[in-house]
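Structural overview
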Amino acid sequence: MEAQGSRRRHLPVLLLWVNGLMTLGFAGARQQSELCNESLMLEKLPACGKSFEEMMKRVDSKKWCNLTEFIMYYDNFTQCTEREANNASCFWPNPLAEGFISGIHKQFFSNCTSEKVHWEDPPDEILITLILIPVLLTCAMITLVVWCSKRSDILV
């Protein structure tokens, strides 16, 4: 009997300990043991920019605003900056890496302005159809519900 009482007292402590282990494991939380080496990161990031610059030379400069033309190159650039920040024991993104990435954006995408989209109504035939279908379906459903509620022989 004494052994069961002892187990019951230790059970909450055990559950809390297991919960803590699971939280750390599932959340991927780990404490960073080293401080961010910002100078190392700033030393390595230009290599990522140089590589991106080399890849962007393959794309016609008129197509630099079309993301589909260089998305793979940009993905490689992003992964490179993240890898170099992590190698320097820095979180990513961080203000220094973001500043570097912003510089790359200014270098390649400064002429890419977003144009205002001019929305237009669809042609009248399509617009009338899009309005009438839900209205008619709603009326049909209301009629069906009223008709079924008046017929008591169906409700058995």
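For the structure given in this document, a descriptive report is provided here. Keep in mind that this is a model prediction, so the values were computed, not measured.

A few points about the overall build of the protein chain
- In terms of helices and strands, the protein chain carries five helices and zero strands.
- For the protein chain, with 156 residues in total, the buried portion stands at 17%.
- Taking all contacts inside the protein chain whose residues are at least 6 apart in sequence as the whole, residues at least 24 apart take part in 67%.
- For the protein chain, the exposed area adds up to about 13000 Å²; of that, 61% sits on carbon and sulfur atoms.

Quick look at the pattern of salt bridges
- Within this structure, the stated rule accounts for one salt bridge.
- Among the salt bridges present, the one from Lys 57 reaches Glu 54, with a minimum N-O distance of 3.5 Å.

Some words on the state of the cysteines
- Applying the stated rule across the entire model yields three disulfides.
- In this model Cys 36 forms its disulfide with Cys 90; the gap between the sulfur atoms is 1.8 Å. For the disulfide bridge between Cys 36 and Cys 90, the dihedral angle about the S-S bond is near 85°, and by the sign convention the bridge is right-handed. Of this pair, Cys 36 sits in the loop between helix H1 (2-27) and helix H2 (38-56) while Cys 90 sits in the loop between helix H3 (67-87) and helix H4 (95-109), and the two are 54 residues apart along the sequence.
- Relative accessible area serves as the criterion here: at 35%, Cys 36 is assigned to the partly exposed category.
- Paired through a disulfide, Cys 65 and Cys 112 show a sulfur-sulfur distance of 1.9 Å. The chirality of the disulfide connecting Cys 65 with Cys 112 is left-handed, given an S-S dihedral of about -90°. Within this pair, whereas Cys 65 is found in the loop between H2 and H3, its partner Cys 112 is found in the loop between H4 and helix H5 (124-150), the two being separated by 47 residues in sequence.
- Among the cysteines of the protein chain that take part in disulfides, numbered as they appear in the sequence, the pairing is 1-5, 2-4, 3-6.

Brief notes about the side chain of Glu 84
- Residue placement: Glu 84 occurs in helix H3.
- For the buried Glu 84, no salt bridge is present, and the opposite-charge side chain at shortest range is Arg 83, 4.4 Å distant.
- When near neighbours in sequence (up to four residues on either side) are disregarded, Glu 84 contacts Met 41, Lys 44, Leu 45 and Cys 48.

Considering the nonpolar core
- Membership of the largest hydrophobic core comes to 15 residues, with the highest contact counts inside it found for Phe 52 and Met 56.
- Residue assignment for this core shows that the elements contributing at least two residues are H2, H3 and H4.
- Ranked by residue count, the leading element in this core is H3, at five residues.
- In this structure, Met 41, Ala 85, Ala 88 and Cys 90 belong to the second largest nonpolar core, which totals six residues.

Digging into the packing of H3 against H4
- At a minimum axis separation of 12 Å, H3 and H4 run at an interaxial angle of 160°. Here H3 is positioned roughly antiparallel relative to H4, judged by the angle of their axes. For the element pair H3 and H4, the recorded crossing hand is right-handed. Packed against H3, whose contacting residues are Phe 70, Tyr 74, Phe 77 and Thr 81, the element H4 presents Phe 100, Ile 101, Ile 104, His 105 and Phe 109 at the interface.
- Across the contact of H3 with H4, the residue classes tally to seven nonpolar, two polar and no charged.

Criteria and cut-off values
Each chain has its residues counted from 1, following the order in which its sequence is written. Thresholds applied to this predicted model are a pLDDT of at least 70 for local features of residues and 80 or more for the giving and counting of side-chain atom pairs; totals over whole chains, interfaces and linings are not thresholded and use all residues. Hydrogens are left out, water is left out, and the side-chain values use all remaining heavy atoms of the structure. Each helix is a run of H or I in the DSSP string that is no shorter than four residues. Each strand is a run of E no shorter than two, and both are numbered from the N terminus. Three labels apply to residues, based on accessible area from a 1.4 Å probe with only protein chains included: buried if under 20% of the type maximum, exposed if over 50%, partly exposed otherwise in between. Only heavy atoms enter the contact rule, under which two residues are in contact if any of them lie within 4.5 Å. Per-residue accessibility takes into account occlusion by the displayed protein chains alone, with areas from the Shrake-Rupley method and a 1.4 Å probe. Whenever Lys or Arg places a side-chain nitrogen within 4 Å of a carboxyl oxygen from Asp or Glu, that contact is recorded as a salt bridge. Any two cysteine sulfur atoms lying within 2.5 Å of each other are counted as a disulfide. As used throughout, the charge tally considers Lys and Arg to be positive and Asp and Glu to be negative, leaving His and the chain termini uncounted. Residues grouped as a nonpolar core are buried Ala, Val, Leu, Ile, Met, Phe, Trp, Tyr and Cys residues, joined through side-chain atoms within 4.5 Å. Helix axes use the C-alpha atoms of the stretch in contact, all axes being lines fitted to C-alpha atoms, and the angles between their N-to-C directions lie in the range 0 to 180 degrees. An angle below 35 degrees is treated as roughly parallel, one above 145 as roughly antiparallel, one from 65 to 115 as roughly perpendicular, and anything else as oblique. Definitions for this section: a left-handed crossing has its near helix turned counterclockwise from the far helix by less than a right angle. A right-handed crossing has that turn clockwise. When residues are sorted by character, Ala, Val, Leu, Ile, Met, Phe, Trp, Tyr, Cys and Pro go into the nonpolar class, Asp, Glu, Lys and Arg into the charged class, and all the rest, Gly among them, into the polar class.

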